[in-house]
Amino acid sequence: MKVVLQNLTKKFPNRNKKIKEDVVAVNDFSFEIPDGKLIGLLGPSGCGKSTTLNLISGLQKPTSGRIFFGDDDVTDLPAENRGVGLVFQNYALYPHLTVRENITFPLGNLKGKDKLTKEQMNEKALEAAKLVQIDGLMDRKPNELSGGQQQRVAIARALVKMPRVLLLDEPLSNLDARLRLQTREELKRIQTETKITTVFVTHDQEEAMSISDMIVVMKDGVIQQIGAPQDVYDDPVNLFVAKFLGTPPITVFDGKVEKGALYIGSDKIFDTDAPDGEVYAAVRPEGFILDDNGTLSCDLKRVEVMGRDVTIVSANTYSHNPSIRSIVSAENKIDIASASVRFSLKPYKTHLFSKADESRIYYNVR
């Protein structure tokens, strides 16, 4: 099911009585979600991603704009008639019901020609349970399940009606790191098998990038960038997107372009055709090349051996990051007794941004 959002805006009354302007949670949001794809809505807390999900589901009505499921305008359609499946952060399972009863609960509300017999409901519940691999737990109650198992029950309950659109709001936040990794892999498998159009809301960029076909990065209710996860990571349109994506984070330096060359402090990094002026120079962790004759000098703090990779932790007066984390191959020989370390920078991993509005400055290396 293709989902089209046209100029969606959602405003809430300001709780501060002294401020008359409404709070804009979602601002002129337009996006077409392709049929059968998993889309990650990504951004910091308060950016409007959960509000956007609530608008799609029908739990909230937009102040302006339209929502289409395929060719159907569902903007004014009640949530229960939209054919959506919802999975929340807190699971919202009924504690007095078994797993089977929790999964079949939405089916009991079907009426008319869609009404099912008890046998049909149990059959559909078993199919959904098998999909999330909890078919051996059907007679247990929620308090007899682990957090990961409870999450699977919530997903099965959302899938049992085979919704047109599946909406997931921070569904992995309550799981520990290992379970989170396992469950997100399961989510991707389930979505691939069912081919249900899915919108996944998270503040965790690693989660979004690992399972999404496309990500939408938001800030203050406004779309910052849309694209395939790797494309957005490699080609951020502004400094916010560059800083939000990536672990370890991108390192941001105060730099300048002068007479056809990029400088960080007094270090001449490389020649470039970028216009002269003050810039932010942002370098991905993998953009540093350990080089005794490198153009960038940093103060060596420590070396962290991670197996196949080594993280060099250093500092530089012109860095906005307290620590610069540079990832290099473990094959490199590093003098840990040295007070300094030198790097060359990979141009395609070094992004320049305007100091005026933090927009991307595209350039070529000479």
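Scroll up to find the structure.
Residues numbered from 1 in each chain as written. Predicted model: local features only at pLDDT ≥ 70, side-chain atom pairs only at ≥ 80, totals over all residues. Heavy atoms only, no water.

Student: It is not clear to me how the pairing of strand β13 (residues 267-271) should be interpreted in this structure. Could you clarify?
Tutor: Judged from the 4 bridges that link them, strand β12 (residues 261-264) and β13 form a sheet pairing that is antiparallel. Looking at the pairing, Ile 264 lines up with Asp 267 of β13. Here β12 folds back onto β13 in antiparallel fashion, the turn holding 2 residues, of which Gly 265 has a positive phi close to 65 degrees. (Pairing = 2+ DSSP bridges. Helix = DSSP H or I, 4+ residues; strand = E, 2+ residues; numbered from the N terminus.)

Student: Any chance you could explain the side chain of Thr 311 here in plain terms?
Tutor: By the element assignment, Thr 311 lies in strand β17 (residues 309-315). Excluding residues within four positions of it along the chain, Thr 311 makes contact with Arg 302, Val 303, Glu 304, Met 306, Arg 325, Ser 326 and Ile 327. (Contact = heavy atoms within 4.5 Å.)

Student: Just to check I follow, could you spell out the nonpolar core for this structure?
Tutor: Within soluble globular proteins, side chains that are nonpolar generally end up buried alongside one another. Among the nonpolar cores identified, the biggest contains 34 residues, and Ile 103, Ile 134 and Leu 159 are the most heavily contacted of them. Sort the elements by how many residues they give to this core and helix α4 (residues 147-159) lands first, with 6 residues. If near-sequence neighbours (up to four positions away) are discounted, Ile 134 is found in contact with Val 99, Ile 103, Ala 129, Arg 152 and Val 153. Among the nonpolar cores identified, the runner-up in size contains 24 residues, and Cys 298, Val 310, Leu 352 and Ile 361 belong to it. (Core = buried A, V, L, I, M, F, W, Y, C linked by side-chain atoms within 4.5 Å. Buried < 20%, exposed > 50% of the residue type's maximum accessible area, 1.4 Å probe, protein only.)

Student: Hey, could you run me through the packing of aromatic side chains in this one?
Tutor: By convention here, two paired aromatic rings are described through the distance between centres and the angle between planes. Summed over the entire model, instances satisfying the criterion amount to 4 aromatic pairs. Measuring from ring centre to ring centre gives 4.7 Å for Tyr 94 and Phe 105, while their planes differ by 45 degrees; the resulting arrangement is tilted. With Tyr 94 in the loop between β6 (84-87) and α2 (99-104) and Phe 105 in the loop between α2 and α3 (118-131), the pair connects residues that are 11 residues apart, well separated along the chain. Residue class for Tyr 94 comes out partly exposed when judged on its relative accessible area of 30%. Taking the relative accessible area as the measure of exposure, Phe 105 reaches 36% and is therefore partly exposed. (Phe/Tyr/Trp six-rings, centres within 6.5 Å; stacked < 30°, edge-to-face > 60°.)

Student: I tried to follow the sheet that holds strand β11 (residues 251-258) on my own but got confused; where do I start?
Tutor: Picture the strands of a sheet paired through backbone hydrogen bonds; they go either parallel or antiparallel. Judged by pairing direction, the sheet is antiparallel, and its 6 strands sit side by side in the order β13-β12-β11-β14-β20-β21 without closing on themselves. Bordering the open sheet on either side are β13 and β21 (360-361), each of which pairs with just one other strand. One ladder, built from 5 bridges, connects strand β14 (residues 277-283) with strand β20 (residues 350-354); its direction is antiparallel. Within β20, the residue paired with Val 283 across the bridge is Thr 350.

Student: Quick question: what am I supposed to make of the sheet that holds strand β3 (residues 38-42) here?
Tutor: With respect to topology, 6 strands assemble into an open sheet ordered β6-β7-β8-β3-β9-β10, the strand pairing being mixed. What marks the edges here is a single partner per strand, and that holds for β6 and β10 (222-227). Taking the axes of each pair of neighbouring strands and ignoring which way they run, one obtains an average angle of 15 degrees across the sheet. Pairing geometry for β6 and strand β7 (residues 165-169), over 4 bridges, is parallel. (Axes fitted to C-alpha atoms, helices over the stretch in contact; angles between N-to-C directions.)

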